[in-house]
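Here's the letter readout for the chains.
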Amino acid sequence: MTGLEQQLVRHLQEAHAMEQNVFRMLDGMISTSEDPGVIDTLEQHKVQTQRHRRRIEERLKAHGASSSAVLDVGGILGALAKLPLDIVRGEKSARNARDAYATEHLEIAAYELLERIARQAGDEETVEMARENRSDEEAMAQKIAQSWDVVVEDVLRSEEARAGRTAP
């Protein structure tokens, strides 16, 4: 395996671990969300995330490689460690939206980099997979961006309710 192909495989493995982590994070966000519309969007994105993971596994297999157990386990443990904090923290909708928005942009950057490395390696199938996955992540980031006003209203409504409970 050439140095360039090794880099490509490493970035595919990192993308797989990233999707594993996102899958677990989505579970946490779904379990702490109360809005049915948000839950539906997160559930749909979870299905996309599974599809992304399968696509990456296919590209790894094409290169005679597999996912990295070390990276996958590290991502899963990180997501699971965050779950108890997600359950008890306040302003869940705002924090979930912020975390999801940041995560989507991390995924966008990872797929952009993967696409460029695959292009250098002459792997057009991985180029196309990375482009398709990135497009899904950009669409999700846009959905989140369009919801900022709703998130702020939810935070303010929650704050008013909390202030009402603590008033004398």
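Worth saying up front: this structure is predicted, and the values here are computed from it rather than measured.

Cut-offs used in this document
Residues numbered from 1 in each chain as written. Predicted model: local features only at pLDDT ≥ 70, side-chain atom pairs only at ≥ 80, totals over all residues. Heavy atoms only, no water. Phe/Tyr/Trp six-rings, centres within 6.5 Å; stacked < 30°, edge-to-face > 60°. Helix = DSSP H or I, 4+ residues; strand = E, 2+ residues; numbered from the N terminus. Buried < 20%, exposed > 50% of the residue type's maximum accessible area, 1.4 Å probe, protein only. Lys NZ or Arg CZ within 6 Å of the ring centre and 35° of its normal. Salt bridge = Lys/Arg side-chain N within 4 Å of Asp/Glu carboxyl O. 1 Å grid on protein atoms, 1.4 Å probe; cavity = no way out; pocket = protein on both sides within 12 Å on 5 of 7 lines; lining within 4 Å. Points joined across faces, edges and corners; volume = space filled by probe spheres on them. Nonpolar A, V, L, I, M, F, W, Y, C, P; charged D, E, K, R; others polar. Axes fitted to C-alpha atoms, helices over the stretch in contact; angles between N-to-C directions. Parallel < 35°, antiparallel > 145°, perpendicular 65-115°, else oblique. Left-handed = near helix turned anticlockwise from the far one by under 90°. pLDDT = per-residue confidence, 0-100. Contact = heavy atoms within 4.5 Å.

1. Regarding the packing of aromatic side chains
Link 1 in the chain: According to the stated counting rule, one finds one aromatic pair in the structure shown.
Link 2 in the chain: Ring geometry for Tyr-101 against Trp-148: centres 5.3 Å apart, planes inclined by 70°, an arrangement best described as edge-to-face. Residue Tyr-101 is located in helix H4 (residues 92–121), and its partner Trp-148 is located in helix H6 (residues 148–166); the two are separated by 47 residues in the primary sequence.
Link 3 in the chain: Residue classification places Tyr-101 among the partly exposed residues on the basis of a relative accessible area of 29%.
Link 4 in the chain: Just above the ring of Phe-23 sits the side chain of Arg-53; from NZ or CZ to the centre is 4.7 Å.

2. Topic: the pattern of salt bridges
Link 1 in the chain: Applying the stated criterion to the full structure yields 16 salt bridges.
Link 2 in the chain: A salt bridge links Glu-115 to Arg-119; its shortest N-O distance comes to 2.9 Å. Here Glu-115 and its partner Arg-119 are both found in helix H4, four residues apart, which amounts to about one turn of the helix.
Link 3 in the chain: Looking at Glu-115, the relative accessible area reads 6%, which means it is buried.
Link 4 in the chain: The salt bridge involving Glu-128 is made with Arg-131; its shortest N-O contact spans 2.9 Å. In this pair, Glu-128 and Arg-131 both sit in helix H5 (residues 124–145), three residues apart, roughly one turn of the helix.
Link 5 in the chain: When its relative accessible area of 33% is taken as the criterion, Arg-131 is described as partly exposed.

3. As for empty space enclosed by the protein
Here the idea is plain: a probe the size of a water molecule rolls over the atoms and shows the empty space left.
Link 1 in the chain: Counted by the stated rule, this structure contains one cavity of 30 Å³ or more.
Link 2 in the chain: If you add up the space inside the largest cavity, you get close to 50 Å³.
Link 3 in the chain: Looking at side-chain class alone, the lining of the largest cavity contains five nonpolar, one polar and two charged residues.

4. Quick look at the packing of helix H1 (residues 3–32) against helix H2 (residues 36–62)
Link 1 in the chain: In the contact formed by H1 and H2, the axes pass within 9 Å of each other and the chain directions differ by 160°. Considering their axes alone, H1 and H2 lie roughly antiparallel with respect to each other. Two packed elements cross with a definite hand, and for H1 against H2 that hand is left-handed.
Link 2 in the chain: Class assignment of the residues belonging to the contact of H1 with H2 gives a composition of twelve nonpolar, seven polar and seven charged.

5. Overview of the confidence of the model for the protein chain
Link 1 in the chain: Mean pLDDT over the protein chain: 85, with 82% of residues reaching 70 or higher.
Link 2 in the chain: Confidence scores differ between elements of the protein chain, with helix H3 (residues 69–88) showing the lowest mean pLDDT of 49 and H5 the highest of 97.
Link 3 in the chain: Across residues 79–90 the pLDDT falls below 50, and counting only partners more than four positions away or on other chains, this stretch makes 16 contacts in the model.

6. Here we look at the packing of H2 against H5
Link 1 in the chain: Look at H2 against H5: their axes get within 10 Å of each other, and the N-to-C directions meet at 165°. By the criterion of interaxial angle, the relationship of H2 to H5 is roughly antiparallel. Helix-helix and strand crossings are classified by hand; for H2 and H5 the assignment is left-handed. Facing H2, whose interface residues are Thr-41, Leu-42, Gln-44, His-45, Gln-48, Arg-51, His-52, Arg-55, Ile-56 and Arg-59, H5 presents Glu-125, Thr-126, Met-129, Glu-132, Asn-133, Asp-136, Glu-137, Met-140 and Lys-143.
Link 2 in the chain: A per-class count over the contact of H2 with H5 returns four nonpolar, seven polar and eight charged.

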